[in-house]
Amino acid sequence: MSLAMKKPMPEPTLTIQEPVPQLLGTGGAPTARIYKRIRLTARKSSGLPVSILAYVNLLEDTGGNSNDALQVLIKISDSMQFDESEFPEALRKLVEHFRRETESAVRVKILSLFGDLANETNIECPPLIDEVIGLLKTETSSKVLSQGLSVLERIGRACSLSSVAYVNKIVFFAKSKLFSSNHNVQRHAIRLLGAFVLVSDAEKESLELIGMYTDSSDARVRAQAFRSMLTLGERGVQLPASLYERACRGLLDDYECVRKEALQMVYELGIRHPEKSVSVPDSEQEIRLIDDAFGKVCNAICDLSMHIRTQAAELLGGMTMVSDEFLHQTLDKKLMSNMRRKKSLHERNAEHFTSGEWSSGKKWADDAPKELVNAESVSLMASGACGALVQGLEDEFLEVRTASVNSMCKLALKNPPFAVTSLDFLVDMFNDEIEEVRLRAIYSLTAISKHIILREDQLETMLSSLEDYSVEVREGLHLMLGACKVSTKACLSLVVQKVLDVLLKYPEDRLSTFGCMQRVGQKHPEICMIITPQLLQDHPFFDSAERDVEDPSYVCVLIMLFNAAQYLPPMLGLFPETIVKHYAYLRDTMPNFVPHLNLRGQSTTLTLTGSTGSRQFLETLLNNIQQAYSAPYARKTLLVAVRENLDRLAEIDPAFSGTANFTATFLGTQLLMEQLQVAISGPPTVAPLKDCLNQLIRKCLELQNLFCGLTIDDHLLVKQMCLRASALNLVLVVKDRTQSALAPCQLLLQIAADASNFLQENGSLVADTFTSAILTKLTSIGDPKPGRVFREILPLVQAAAPVTIPKINTKIKMCKARITEPSENYHNSDNIVKVTAGLIAAVPLVAELENLPEAQRQGLRLKIKYPDQNVHIIVPRKRDLKKIMTEEGESQSHWRLRTTVLLSHGVWTEASPVDIGICLSVRPSSELELCKPVKIQFAPKPVKRGI
């Protein structure tokens, strides 16, 4: 085996199973990994024939032993890497063995193998379909028939059949098996019809044929009939309203699987035919189909199965076209005591608020039942939509309660009167025992905040949840309080006082509380003006003591008042002299929370360029670079200056930060490339060249992985830049003569192939001169050995012209991170993390990530660097990374990482800083830093010996 390791394999047969990174470092490590992978592949296939015909011949040598035949078939399924030219002969022999085989299990496995071949190889599907149908025509075993129908579906989906003749052949065969006495055969035949019936034919006889089997004696067949009709609807078939009666009968089925599909059918028909009139049972009246379907779905919330109740609660949120009277009935719940109607707590609180009465203490039993109810008129069974959502909110399973909250939110967003009615019920869900349900209720109330105004009795329930142990619940409540409006001065005072009290208990919620008070001030400027003297403790006659501007509670009050004064300038006259000084300080230290105000002649306005000025400035910089195209020395100086200006532009104009950072990174890559081009012809300098080359590779990785929103032209420029960098990498490694050039050569070929495929897929794009020349050279090389590739591309690399400057694209966003906890104060000597040497210290970490694509989530890492230069890369848990909630809902590209970093080390003589940062892993042993690391003073102490 060691000899095989030393002998290089030819490139055409080299196969790498895992995704290959776009750029690799130089050295022998990548080569060792490639050889190791080849060795493992050889070990896996050693001792077994590599031809499918050899496998099939082994199948024929089993001598009728079914167990041996099954083992051979399993080996064929595990391999799936065969010569395509052998497929016709192998298929013929497998069919012959199928006809001779008496054991049904072997025949089932052969059919399954046909499906595997269609999914994982490039075998021709039409002959395979003909063979499968031919084998099944004479088959009598129900197991084999069921497997055969399933395989036909797999083959059809894998090959995306476009031939109408073969589709009709599959459909005709499926119809012939509908009359089988076995339920599995019927079920697979109905499923095959739903997947392949032509849309033009489905609305006629095929749809009616499938509908007949909703009355089958077997529950699995009935469920599959409904599912196949729904599949036809997903494929574009117009499901007729005449199916509604069948679906309603399915809701009364004894089996859960049937009720589940029938409920989905009722929902689909209600959405597709909302204005269709249907008759009310035991009555001559007619109602809209969407209203009747809404009532049927509401009835399903009382189903015995938790899954059906969850599905019904989820479907209610999509039926937004229902009439208002039916919608409001979902929250109608009557309370009775001794056959008399009793007012609920919500009704009593609402009456107290509207009447404005004070509680005198003289009323006794004011909630006593007054209205007499006839016992014969009371029904304990569910009746239509009455109280359906209330029933869902009170369900014992959290899945049902969560789905009910989500549906209530969706319906309230479309119906403002319903939002006001549902407010009390959503507030009650703040006391749920499950954190997920509480969060959903909080986020739902935040979403409908534009339709509601909070009362004092509702605020008491909300504010009591602010002391929740979960930081996510507290932050969600801060977001909700900032989004909602309150009705009175007492309500706002209650909110401010409770928020400040909780801040004393949870000081780590400082930033979230600041944001909450900022939005509260923006939404209530008039009420804030009324309570300003009270909050500032400002006496009309006597001077009050100046408060500490570092006090978080005082800062919260100032943030709220400053943001209110932004919309109500007369408030500025209520501020004492000390507030002016504090405003200037807070405006400088936290400009994202404190707006610009003209306080007593002070103006802290920053003169920014604005979006138009930023664009003009960027265009001027790029034009200057383009004009210096033919002057290399002036161009180099200009590139350095432009990079500095772009970095400054990214800091002062957030709207252009992504574009400025992308352009700066691109120009930095070009600058490094020009330096390396000059070094190729000069004397060898190993150390500077190696550092410069590593920086170039890192810049290319940043262009590929840290930016989103790129146009097709931008992607082409990035690929061309990476192609130049890989060519420079190969040239420098070969000239260095101290390391293997096989890995850089393979990397160049891979990037060239990727660029070539990209140009072919986008035929309108035109590559630059260097890219076209190097692709032509590499294509003409028959045996791409590193030495020959080096000789061919060396003249091209030396004479390469600068890359075209990218056009301005304001949609580019850069992936960045910001660590909010631990803060910079941790670097002080007062915040030292002390722990016994060898044990573990836990440091909480909270960070916000901007513009992180879904595809890059798996590459997120925590980087810990100790003073002895040891670096630990940690993979955070998936549940620690969640999307940031806003008033509009979940942010699609902004995430919050909340985790715990574990630190441990040997004994140190004194406390030293440990760097904690966030990075993105783009390939093995290479990470791109997303933010500046924070420093933690860490002091592992020796173990104290007891006496």
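Since the model is a prediction, treat every value here as computed from it, not as a measurement.

A.B. asks: Got a minute to help me understand the overall build of the protein chain in this structure?
C.D. replies: Along the backbone of the protein chain there are 38 helices and 19 strands. Here the analysis covers contacts within the protein chain between residues at least 6 apart in sequence; of these, 72% occur between residues at least 24 apart. Carbon and sulfur atoms form 52% of the exposed surface of the protein chain, whose accessible area is close to 48100 Å².

A.B. asks: Please clarify how the state of the cysteines should be interpreted in this entry.
C.D. replies: Simply put, the disulfide is a covalent bond whose two ends are the sulfur atoms of two cysteines. Following the criterion strictly, the structure yields one disulfide and no others. For Cys125, the disulfide goes to Cys159, at an S-S distance of 1.5 Å. Taken together, the residues span a long stretch of sequence, with Cys125 in helix H7 (residues 125-137) and Cys159 in helix H8 (residues 142-159) at a distance of 34 residues. Residue class for Cys159 comes out partly exposed when judged on its relative accessible area of 24%. Take Cys516: it sits in no disulfide, and the sulfur closest to it among the cysteines is that of Cys556, at 8.4 Å. Its relative accessible area of 0% is what places Cys516 among the buried residues.

A.B. asks: Is there a simple way to think about helix H24 (residues 471-483) in this case?
C.D. replies: Since there are 3.6 residues in each turn of an α-helix, residues three or four apart along the chain are aligned in direction. If you check H24, its first and last C-alpha atoms are 18 Å apart, about what 13 residues at 1.5 Å a residue would give, namely 18 Å. Counted residue by residue, H24 has 13 buried out of 13 residues, so it is predominantly covered.

A.B. asks: Explain the packing of aromatic side chains to me, please; I cannot follow it from the model alone.
C.D. replies: Two descriptors summarise a pair of aromatic rings, namely the distance from one centre to the other and the angle between the planes of the rings. Inspection of every chain in the model, using the stated rule, returns six aromatic pairs. Here the aromatic rings of Phe514 and Phe593 are separated by 5.8 Å at their centres, their planes lie at 75°, and the arrangement is edge-to-face. Linking Phe514 in helix H26 (residues 510-523) with Phe593 in the loop between helix H30 (577-589) and helix H31 (610-627), this pair joins segments that are 79 residues apart in sequence. Neither Phe514 nor Phe593 differs from the other in exposure class; each is buried.

A.B. asks: What exactly am I supposed to notice about the side chain of Arg474 here?
C.D. replies: Following the sequence through the fold, Arg474 ends up in helix H24. The exposure class assigned to Arg474 is buried, which follows from its relative accessible area of 2%. A polar contact is formed between the side chain of Arg474 and the backbone oxygen of Asp468, at a distance of 2.9 Å. Leave out the neighbours within four places in its chain, and Arg474 touches Leu466, Asp468, Tyr469, Val502, Tyr506, Glu508 and Asp509.

A.B. asks: I'm lost on the environment of Ala817 in this one. Help?
C.D. replies: Mapped onto the fold, Ala817 is located in strand E10 (residues 816-821). Accessibility expressed as a relative area gives 13% for Ala817, which makes it buried. With near-sequence residues (within four places) excluded, Ala817 lies in contact with Glu848, Leu849, Ile918, Leu930 and Cys931.

A.B. asks: Sorry if this is basic, but what is going on with unusual backbone geometry here?
C.D. replies: Negative phi characterises most residues that are not glycine, and trans characterises most peptide bonds. Here Glu821 and Pro822 are connected by a cis peptide whose omega angle stands at 5°. Mapped onto the fold, Pro822 is located in the loop between E10 and strand E11 (832-836). The phi dihedral of Asn851 is positive, around 60°, even though this residue is not glycine. Along the chain, Asn851 turns up in the loop between strand E12 (841-850) and strand E13 (860-865). The exposure class of Asn851 is buried, given its relative accessible area of 12%. Despite not being glycine, Gln869 shows a phi value in the positive range, around 70°. Among the structural elements, Gln869 can be located in the loop between E13 and strand E14 (871-874).

A.B. asks: Hey, could you run me through the sheet that holds strand E15 (residues 881-886) in this one?
C.D. replies: The strands making up a sheet are joined through hydrogen bonds of the backbone, oriented either antiparallel or parallel. In space, the four strands of this open sheet follow the order E10-E12-E16-E15, with antiparallel pairing throughout. Every other strand in the sheet has two partners, leaving E10 and E15 as the edge strands with one partner each. Recorded for the sheet is a direction-independent mean angle of 35° between the axes of neighbouring strands.

A.B. asks: What's the story with helix H38 (residues 786-798) in this structure? I'm lost.
C.D. replies: The terminal C-alpha atoms of H38 lie 17 Å apart, and with 13 residues this matches the ideal 18 Å at 1.5 Å per residue to within 8%. Maximal helix bending in H38 amounts to about 35°, located at Glu792; proline Pro795 follows within four positions. Listing the buried residues of H38 in full gives Pro786, Val789, Phe790, Ile793 and Val797.

A.B. asks: What am I meant to see in the pairing of E11 here?
C.D. replies: Across a regular strand the side chains alternate sides, sitting on one face of the sheet and then on the other. Going residue by residue along E11, you find Val833 and Val835 tucked away on one face and Ile832, Lys834 and Thr836 left uncovered on the opposite face. The pairing of E11 with strand E19 (residues 934-941) spans five bridges and is parallel. Bridge pairing links Val835 to Pro940 in E19.

A.B. asks: Would you mind going over the nonpolar core with me for this structure?
C.D. replies: Side chains of a nonpolar character, in soluble globular proteins, are inclined to be buried together. Counting residues in each nonpolar core, the largest one holds 176 residues, and the members touching the most others are Phe114, Leu445, Phe562 and Phe575. It is helix H29 (residues 552-567) that provides the largest number of residues to this core, a total of eleven residues. Each residue touching Phe114, except ones within four places of it in the same chain, is listed here: Leu91, Leu94, Val95, Leu128, Val132, Leu135, Val151 and Ile155.

A.B. asks: What am I meant to see in the side chain of Ser926 here?
C.D. replies: Note that Ser926 resides in strand E18 (residues 926-929). If sequence neighbours within four positions are ignored, Ser926 has contacts with Arg698, Leu701, Leu920 and Ser921.

A.B. asks: Would you take a moment to explain the packing of helix H15 (residues 289-299) against helix H16 (residues 306-316) for this structure?
C.D. replies: A pair of packed helices is characterised by two quantities: the angle between their axes and the separation of those axes. The interhelical angle for the contact between H15 and H16, taken along N-to-C directions, is 145°, at an axis separation of 8 Å. Classified by chirality, the crossing of H16 by H15 is left-handed. Across the interface between the two elements, Phe294, Val297 and Cys298 of H15 pack against Ala312, Leu315 and Leu316 of H16. Here the residues of the contact of H15 with H16 are counted per class, giving six nonpolar, no polar and no charged.

A.B. asks: Looking at this structure, how should I read the pattern of salt bridges?
C.D. replies: Two side chains carrying opposite charge are able to pair once their charged atoms lie near each other. Under the criterion given, the structure shown has 40 salt bridges. Note that Arg92 is salt-bridged to Glu89, the shortest N-O span being 2.2 Å. With Arg92 and Glu89 both in helix H5 (residues 87-100) and three residues apart, this pair spans about one turn of that helix. Judged by relative accessible area, Glu89 falls into the partly exposed class, the value being 31%. Asp218 is the salt-bridge partner of Arg220, the closest N and O atoms lying 3.1 Å from each other. A network of salt bridges, in which partner residues are shared, links Glu475, Arg818, Glu848, Arg896 and Arg898.

A.B. asks: Mind showing me how you'd approach the packing of helix H36 (residues 742-761) against helix H37 (residues 769-780) here?
C.D. replies: At a minimum axis distance of 11 Å, the contact between H36 and H37 shows a crossing angle of 115°. Crossing angle aside, the handedness with which H36 passes H37 is left-handed. Taking contact as the criterion, the partners of Leu748, Leu749, Ala752, Ser756 and Leu759 in H36 are, on H37, Ile774, Leu775 and Leu778. Considering only residue class, the contact of H36 with H37 consists of seven nonpolar, one polar and no charged.

A.B. asks: How do you make sense of the pairing of E18 when you look at a structure like this?
C.D. replies: Pairing analysis gives four bridges linking strand E17 (residues 912-923) to E18, with the strands arranged antiparallel. What sits directly across from Cys919, in E18, is Glu929. Count of turn residues in the E17/E18 antiparallel hairpin: two residues, of which Ser925 carries a positive phi of about 60°.

A.B. asks: Looking at this structure, how should I read the environment of Ile190?
C.D. replies: Here Ile190 is to be found in helix H10 (residues 183-196). Take Ile190: its relative accessible area is 0%, and that puts it in the buried class. When the C-alpha positions of Ile190 and Gln224 are compared, they lie 6.8 Å apart, and in sequence the two are 34 residues distant. With sequence-adjacent residues up to four places away left out, Ile190 is seen in contact with Leu178, Ile210, Tyr213, Val221, Gln224, Ala225 and Ser228.

The rules behind the values
- Residues numbered from 1 in each chain as written.
- Predicted model: local features only at pLDDT ≥ 70, side-chain atom pairs only at ≥ 80, totals over all residues.
- Heavy atoms only, no water.
- Helix = DSSP H or I, 4+ residues; strand = E, 2+ residues; numbered from the N terminus.
- Contact = heavy atoms within 4.5 Å.
- Areas by Shrake-Rupley, 256 points an atom, 1.4 Å probe, with all protein chains shown as cover.
- Disulfide = S-S within 2.5 Å.
- Buried < 20%, exposed > 50% of the residue type's maximum accessible area, 1.4 Å probe, protein only.
- Expected span 1.5 Å × (residues − 1).
- Phe/Tyr/Trp six-rings, centres within 6.5 Å; stacked < 30°, edge-to-face > 60°.
- Polar contact = N/O pair within 3.5 Å; in protein donor to acceptor, adjacent residues only side chain to side chain.
- Pairing = 2+ DSSP bridges.
- Axes fitted to C-alpha atoms, helices over the stretch in contact; angles between N-to-C directions.
- Bend = angle between axes of the 7 residues up to and from the residue.
- Core = buried A, V, L, I, M, F, W, Y, C linked by side-chain atoms within 4.5 Å.
- Left-handed = near helix turned anticlockwise from the far one by under 90°.
- Nonpolar A, V, L, I, M, F, W, Y, C, P; charged D, E, K, R; others polar.
- Salt bridge = Lys/Arg side-chain N within 4 Å of Asp/Glu carboxyl O.

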